[in-house]
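Residue-level structure breakdown
Each chain, letter by letter, is given below.
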Amino acid sequence: MDSYESTHQHIASSRLKDYFIGATPLQKRLESVRKQTSFVPTPPRRKIPQCSQLQEDNDPQKVAFLLHKQWTLYSLTPLYKFSYTNLKEYASLLSAFIAAEKQKGLAVEVGEDFNIKVTFSTLLGMKGTQRDPEAFLVQILSKSQLPSENREHKVLWTGWFCCIFGDSLLETVSEDFTCVPLFLANGAETNTAIVGTWFQKTFDCYFSPLAINAFNLSWMAAMWTACKMDQYMAATEFLWSVPCSPQSLDISYAIHPEDAKALWDSVHKTPGEVTQEEVDLFMDCLYSHFHRHFKIHLSATRLVRVSTSVASAHTDGKIKILCHKYLIGVLAYLTELAIFQID
Amino acid sequence: MSPQKRVKNSQVQKRTSQVSGNYPTNLLAWEEKEDLNDSKYSLKRGQNNPVEDYGHADDQAEDALQIAVRYFEKGPVKTSQNKDKILEEHLKTVENVALKNGLAPEGIDILLNVALSGKFGSAVNTRILKCMIPTTLISEHSVVKAVSWLCVGKCSGSTKVLFYRWLVAMFDFIDHKEEINLLYGFFFASLQDDALCPYACHLLYLLTKKENVKPFRVRKLLDLQAKMGMQPHLQALLSLYKFFAPTLISVSLPTRKKIYFKNSENLWKTALLAVRQRNQGPPPEPLKLMLGPAKVRPVKRLPSQMGAVLNNSLLLHYINCVKDESILLRLYHWLSQTLQEECIWYKVNNFEHEKEFANFLATVNRAQCFLQEGFYSCETFLYKSLPLWDGFCCRSQFLQLVSWIPFNSFSEVKPLVFDHLAQLFFTSTIYFKSSVLQSLKELLQNWLLWLSVDIHMKPVMNSPLETTLGGSMNSVSELIHYVGWLSTTALRLESNSTFLLHFILDFYEKVCDIYINYNLPLVVLFPPGIFYPALLSLDSSILNQLCYIMHRYRKNLTAAKKNELVQKTKSEFNFSSKTYQEFNHYLTAMVGCLWTSKPFQKGFYIDPDVLEKTGVAEYKNSLNLVHHPALLSYAVSFLLQEWPEERTTVNMRSIRGKKWNWYLDYLFSEGLQGLKLFIRSSIHHSSVP
């Protein structure tokens, strides 16, 4: 009895102390949320993405696989008791789970042969700092019915998890957790749902769709326009949506990428960085140009999509990354948005 | 009723209705309805009483159903000329109700009997079986009874097949399976029937437990397989047997899975979906959870994640005792995300989910209340959602979240929560203001409890405590000052509303007793903006409450003073003389008004010239216990009661000397206990005016 009371005392009293020195991960979490909520939601300045920041040990084939695909974005709370040494086991558990979900009502055994295959693999080098956990890729492949056919499996669904410059999140969790706050999926939504459910059940995490609001889209537009390109692959294009009934009206606004860059250079002052004022000024210039020609105030409409040669992003939380060089830069910003969402 | 008796009664009820008690209708209700129907009473009642017209159509359908069920129960009428027409009509009725709302367990019980007893032809039996859709559940007993008909041999092979398919399809909705499992041998025997075999296999597959796997059954299955070839349904059952008892089955079974069973559910597919939805609410499966950002998923049940602890007091207890940061972090993340995802004012046009969100918040609040501790997730949720809140949606639940904000440095939380709350407070109705004050009172109480437990458990020597205790007390006093500021302004906005004053004084009833009740070194007095409106209130209960609070302040301050003298050492928490001065100032004002009839001199000073201008001749008396507007009616009642003969010449000034003391007793007997305590403790009786 004595010993119980003394431990209880210890717990209760240490909590009070923790409050004031912010010692526990939860306290740090709370601190960071407070900071974010009390000040402007985003820092007023960010770095312009640098040329290839991929770590040297990356696998170019895998990286190429990630480009030019449309990914749906999700934010993800830290995974509990996830281990990189168990990827094989996770693959077999997940494939059994998918099989069970697809033929509801029947028992399936783990390790049995199904007509699908699940693979887990790490994406080496896909990180911002050494502290960032390794990114990893999950794929659902269909197995060809005839063994004689060539061994190439058809990819049914792909999803990957990453954390690029996730320091603010990393320092607020204990070692039981793996932080990969950004999840990108490509393939049927039902598969995303099944995989998501399995992750949620297995690692007690929580997926939320990550929408990108107009404010953040403007930031993307500015940061990606600021990137130095050897050659431009696509026009810089904006899409605004005008809310009117019965159907909403979309306004598309395409600019030659070099003109966009010239405009950016004219508003840009701080080398290597993008500031909030610059973003606002950049967008205002576009607005006033449009107004001069069409007498439409774009500032009264809603920005829903931004496409550049670096990447394109839709407010629904869909992204396509085009340029290998700035992959890490794009992901760093998305990680930041994901972390903001899970705070 | 004693608990024992209640149990007995419910058992009786169970036995009569042959279903367990948690069904929406029991047999009693069922019979009652029939009686009403017989006398054609229900229809009339419906017409006469407009209030009950709502749901009248449903009632009618129910009644028709009852007639139909009874018709089937009695068996076909041989003599009637248009018997086919009647039969068809009743069948239609049953089908319509079953497809729309499902059938109650009693209805299924009767109709299953009808279908398998062979009273009607095969075509009718088929139609009946096809509409055996439960409202929520099927009683196991009905199934057992139905199976017993199979032994009699009254129904055709096709009816049997259909019945087996029905059993497989409805398996999940049967309330218990123990008795059905006892019939395992019977179902196993029906494997020999070629037509039944696939469905019997499926049923056995669902039913098999480890103890059902016996060597003789394995042999039988292998025999069947030898006879009929590699049938997928037999294989499925065999592989299940092998799973339970690997040693009994040595044959190798193919590992690649095909669809083993013919889909028995097809016939009832849409109906099954409807039943599932009825049983679990809108989200039929958790998979829909994350499809697209636009879809809102109502929180009906908690997932198999950390969040599940919210509904389980044992688990809550556990996380409270276990000092594991991971558990708290997992809960934190889950709860933060859920609150954010479900919060309805983050989304446009989704107000139909308000009730669900409110329920969820209520669950969270219950858990917090159980733990006597706020969740961090709720705190961060407040930070994010309060600025966007309209002050209306889920009001009481949301304000309850405020009252569970964990103890904090007030100045840090103020810009995040309390500044936003103040904006809403000042621009909302008096009812909103009162609710806010109420929840701030609870917040104060939670903080005080938390601090009093924490501080007194801690040995004083422990390092950062001293600064901490000072900081904590500062935080609490800042909270109190904040509420004082809100209250003062609110009283001006609402022209000293009595209603509002009640809530304000409730708050100060907590404040005045901090030193004694919570053993914390803090006494904060109310601001003049609250004290004077309360003192001059027209409502006697307000005045009474004020007296009580002043009495408690006095107790707390004297206790503090006494402790200071005992301890002698200068502690950090000695109250400044300012607090005592403030109290004395209020006390003087009160005594001057209520007792000595010398108001506006000390404490509550008003320039005599100003008083002259008001034109009140005897202003000095006008606020004493007799003439105070809140007490005047008591004085009149007192005089009328004691001296009824002087009804025409009620003379208030006559209440003095001995009469004054009688009057006091009268006031106390009228329930003004606060006043009594105040007078007893603060006024020496030598000074009777």
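Here is what the cut-offs are and how they apply
- Residues numbered from 1 in each chain as written.
- Chains lettered and ligands numbered in written order.
- Predicted model: local features only at pLDDT ≥ 70, side-chain atom pairs only at ≥ 80, totals over all residues.
- Heavy atoms only, no water.
- Helix = DSSP H or I, 4+ residues; strand = E, 2+ residues; numbered from the N terminus.
- Contact = heavy atoms within 4.5 Å.
- Areas by Shrake-Rupley, 256 points an atom, 1.4 Å probe, with all protein chains shown as cover.
- Salt bridge = Lys/Arg side-chain N within 4 Å of Asp/Glu carboxyl O.
- Buried < 20%, exposed > 50% of the residue type's maximum accessible area, 1.4 Å probe, protein only.
- Pairing = 2+ DSSP bridges.
- Expected span 1.5 Å × (residues − 1).
- 1 Å grid on protein atoms, 1.4 Å probe; cavity = no way out; pocket = protein on both sides within 12 Å on 5 of 7 lines; lining within 4 Å.
- Points joined across faces, edges and corners; volume = space filled by probe spheres on them.
- Nonpolar A, V, L, I, M, F, W, Y, C, P; charged D, E, K, R; others polar.
- pLDDT = per-residue confidence, 0-100.
- Phe/Tyr/Trp six-rings, centres within 6.5 Å; stacked < 30°, edge-to-face > 60°.
- Lys NZ or Arg CZ within 6 Å of the ring centre and 35° of its normal.
- Polar contact = N/O pair within 3.5 Å; in protein donor to acceptor, adjacent residues only side chain to side chain.
- Core = buried A, V, L, I, M, F, W, Y, C linked by side-chain atoms within 4.5 Å.
- Disulfide = S-S within 2.5 Å.
- Axes fitted to C-alpha atoms, helices over the stretch in contact; angles between N-to-C directions.
- Parallel < 35°, antiparallel > 145°, perpendicular 65-115°, else oblique.

A look at the overall build of chain B
In terms of regular secondary structure, chain B is built from 32 helices and zero strands. Long-range contacts, defined as pairs at least 24 residues apart, comprise 72% of the intrachain contacts of chain B with a sequence gap of at least 6. In the form shown here, chain B has an accessible surface area of approximately 33700 Å², with 55% of it arising from carbon and sulfur atoms.

So, the overall build of chain A
Helix and strand content of chain A: 10 helices and 15 strands. Contacts spanning at least 24 positions in sequence make up 71% of the contacts within chain A whose residues lie at least 6 apart.

Quick notes on the pattern of salt bridges
All names here are of chain B. With the rule as written, the count across this model stands at 15 salt bridges over all chains. Note that Arg127 and Glu95 form a salt bridge whose closest N and O atoms lie 2.9 Å from each other. Taken together, the positions of Arg127 in helix α7 (residues 122-130) and Glu95 in helix α5 (residues 83-101) put the pair 32 residues apart, joining distant regions of the chain. Residues Lys433 and Glu494 are paired through a salt bridge, measuring 2.6 Å at the closest nitrogen-oxygen approach. With a gap of 61 residues between them, Lys433 in helix α22 (residues 430-457) and Glu494 in the loop between α23 (465-493) and α24 (498-511) connect regions that are remote in the sequence.

A look at the environment of A:Trp240
All names here are of chain A. As for its placement among the helices and strands, Trp240 is situated in strand β10 (residues 236-242). By relative accessible area, Trp240 is classed as buried at 0%. Residues Trp240 and Thr301, 61 residues apart in the sequence, show an inter-C-alpha distance of 6.2 Å. In contact with Trp240, other than residues within four places in its own chain, are Leu249, Asp250, Ile251, Tyr253, Met283, Tyr287, Leu298, Thr301, Arg302, Leu303 and Val304.

Examining the pairing of strand β14 (residues 311-314) of chain A
Residue and element names in this part refer to chain A. As judged from the three bridges shared by strand β13 (residues 302-307) and β14, these two strands associate in the antiparallel manner. Paired with Val306 across the two strands is Ala313, which belongs to β14. Where β13 folds back onto β14 in an antiparallel hairpin, the turn is made up of three residues. Direction of pairing for β14 relative to strand β15 (residues 318-321): antiparallel, over a ladder of four bridges. Looking at β15, one finds that Ala311 is bridged to Ile321. Hairpin remark: β14 followed by β15, antiparallel, with three residues in the connecting loop; positive phi at Gly317, about 90°.

Points about the side chain of B:Ser142
All names here are of chain B. Inspection of the secondary structure assignment puts Ser142 in helix α8 (residues 140-152). In this structure Ser142 comes out as buried when scored by relative accessible area, which is 2%. Non-local contacts of Ser142, meaning those with residues more than four positions away in its chain, are made with Pro105, Asp109 and Leu112.

Some thoughts on α5(B)
A rise of 1.5 Å per residue sets the reference length of α5(B), with its 19 residues, at 27 Å; its end C-alpha atoms lie 27 Å apart and thus fit the reference within 8%. Positive backbone phi, approximately 80°, marks B:Gly102, located one or two places after α5(B).

Observations concerning empty space enclosed by the protein
Residues and elements named next belong to chain A. In the structure shown here, the tally under the stated rule is five cavities of 30 Å³ or more. Estimates place the volume of the largest cavity at around 60 Å³. In terms of lining, the largest cavity is formed by Trp224, Thr225, Cys227, Met229, Tyr232, Thr236, Pro257, Ala260, Lys261, Thr308, Ser309 and Val310. Counting only elements with at least two residues in the lining of the largest cavity, the list comes to α7 (214-226) and α8 (257-267). In terms of residue count, α8 provides more of the lining of the largest cavity than any other element does, three residues in total. Across the lining of the largest cavity, the residue classes tally to seven nonpolar, four polar and one charged.

Remarks on the confidence of the model for chain B
All names here are of chain B. Confidence in the prediction for chain B averages 80 pLDDT; 80% of positions are at 70 or higher. When the elements of chain B are averaged for pLDDT, helix α3 (residues 41-48) gives the smallest value, 36, and α24 the largest, 96. Per-residue pLDDT stays below 50 along residues 1-55; that stretch engages in 50 contacts with residues further than four places along the chain or on separate chains. The model gives residues 282-300 a pLDDT under 50, and that stretch makes 40 contacts with residues more than four places away or in other chains. Two summary scores accompany this predicted model of the complex, namely pTM at 0.64 and ipTM at 0.75.

Digging into the packing of aromatic side chains
Applying the stated criterion across every chain yields a total of 69 aromatic pairs over all chains. With a centroid separation of 6.1 Å and 25° between ring planes, the pair formed by A:Phe120 and A:Phe199 is classed as stacked. Of this pair, A:Phe120 sits in strand β4 (residues 116-123) while A:Phe199 sits in helix α6 (residues 189-203); the two residues are 79 residues apart in sequence, bridging distant segments of the chain. No difference in accessibility class separates A:Phe120 from A:Phe199, as the two residues are buried. Residues B:Trp389 and B:Phe398 carry aromatic rings whose centres are separated by 4.4 Å and whose planes lie at 45° to one another, so their mutual orientation is tilted. Here B:Trp389 and B:Phe398 have matching classes, each one buried. We note A:Arg46 situated over the ring of A:Trp219; from NZ or CZ to the ring centre the distance is 4.4 Å.

Examining the confidence of the model for chain A
Mean pLDDT over chain A works out to 84, with 84% of the residues at or above the 70 mark. For residues 1-22 of chain A, every residue scores under 50 in pLDDT, and the model assigns this stretch 35 contacts once sequence neighbours within four places are set aside.

Section: the side chain of B:Asp109
Structurally, B:Asp109 is set in helix α6 (residues 105-117). Separated by 2.8 Å, the side chains of B:Asp109 and B:Ser142 make a polar contact.

A short note on the nonpolar core
Residue and element names in this part refer to chain B. Among the nonpolar cores identified, the biggest contains 150 residues, and Phe418 and Tyr663 are the most heavily contacted of them. At 12 residues, the largest contribution of residues to this core is made by α22. Once residues lying within four places of it in the same chain are set aside, the contact partners of Phe418 are Ile405, Phe410, Val413, Leu440, Leu443, Leu479 and Tyr482.

Structural notes on unusual backbone geometry
Negative phi values dominate among residues other than glycine, just as trans dominates among peptide bonds. Positive phi, close to 55°, is recorded for A:Lys295, a residue that is not glycine. One can find A:Lys295 in the loop between α9 (276-294) and β13. Given a relative accessible area of 59%, A:Lys295 falls into the exposed group. In the Ramachandran plot, B:Asn496 falls in the positive-phi region, its phi being about 50° despite a non-glycine side chain. Note that B:Asn496 resides in the loop between α23 and α24. A relative accessible area of 42% places B:Asn496 in the partly exposed class.

Here's the deal with α6(A)
Residue and element names in this part refer to chain A. With 15 residues, α6 should reach 21 Å at 1.5 Å per residue; the first-to-last C-alpha distance of 20 Å fits that figure. Counting buried positions over the 15 residues of α6 gives 11, a clear majority of the element. The set of residues buried in α6 consists of Asn191, Thr192, Ala193, Ile194, Val195, Gly196, Thr197, Trp198, Phe199, Gln200 and Phe203. Where α6 ends, the next residue or the one after it, Asp204, has phi of about 45°, a positive value.

So, the state of the cysteines
All names here are of chain B. Evaluated as defined, the whole model comprises zero disulfides over all chains. Here Cys155 is not disulfide-linked; the sulfur of Cys151 is the nearest cysteine sulfur, at 9.7 Å. Here Cys393 stays unpaired: no disulfide links it, and the sulfur of Cys394, its closest cysteine neighbor, is 4.0 Å away.

Regarding the packing of α7(A) against α9(A)
Residue and element names in this part refer to chain A. Contact geometry of α7 with α9 gives a least axis separation of 9 Å together with a crossing angle of 90°. Viewed along their axes, α7 and α9 adopt a mutual orientation that is roughly perpendicular. Residues Phe215, Ser218, Trp219, Ala221, Ala222 and Thr225 of α7 lie in contact with α9, whose contacting residues are Gln276, Val279, Phe282 and Met283.

Focus on the packing of α6(B) against α8(B)
In helix packing, the relevant descriptors are the interaxial angle and the interaxial distance, both defined with respect to the helix axes. Residue and element names in this part refer to chain B. Running from amino to carboxyl end, α6 crosses α8 at an angle of 5°, the nearest separation of the two axes being 9 Å. Of the possible angle classes, the one that applies to α6 and α8 is roughly parallel. Where α6 abuts α8, its residues Pro105, Asp109, Leu112, Asn113, Leu116 and Ser117 lie against Ser142, Lys145, Ala146, Trp149 and Leu150. Residues that form the contact of α6 with α8 fall into these classes: six nonpolar, three polar and two charged.

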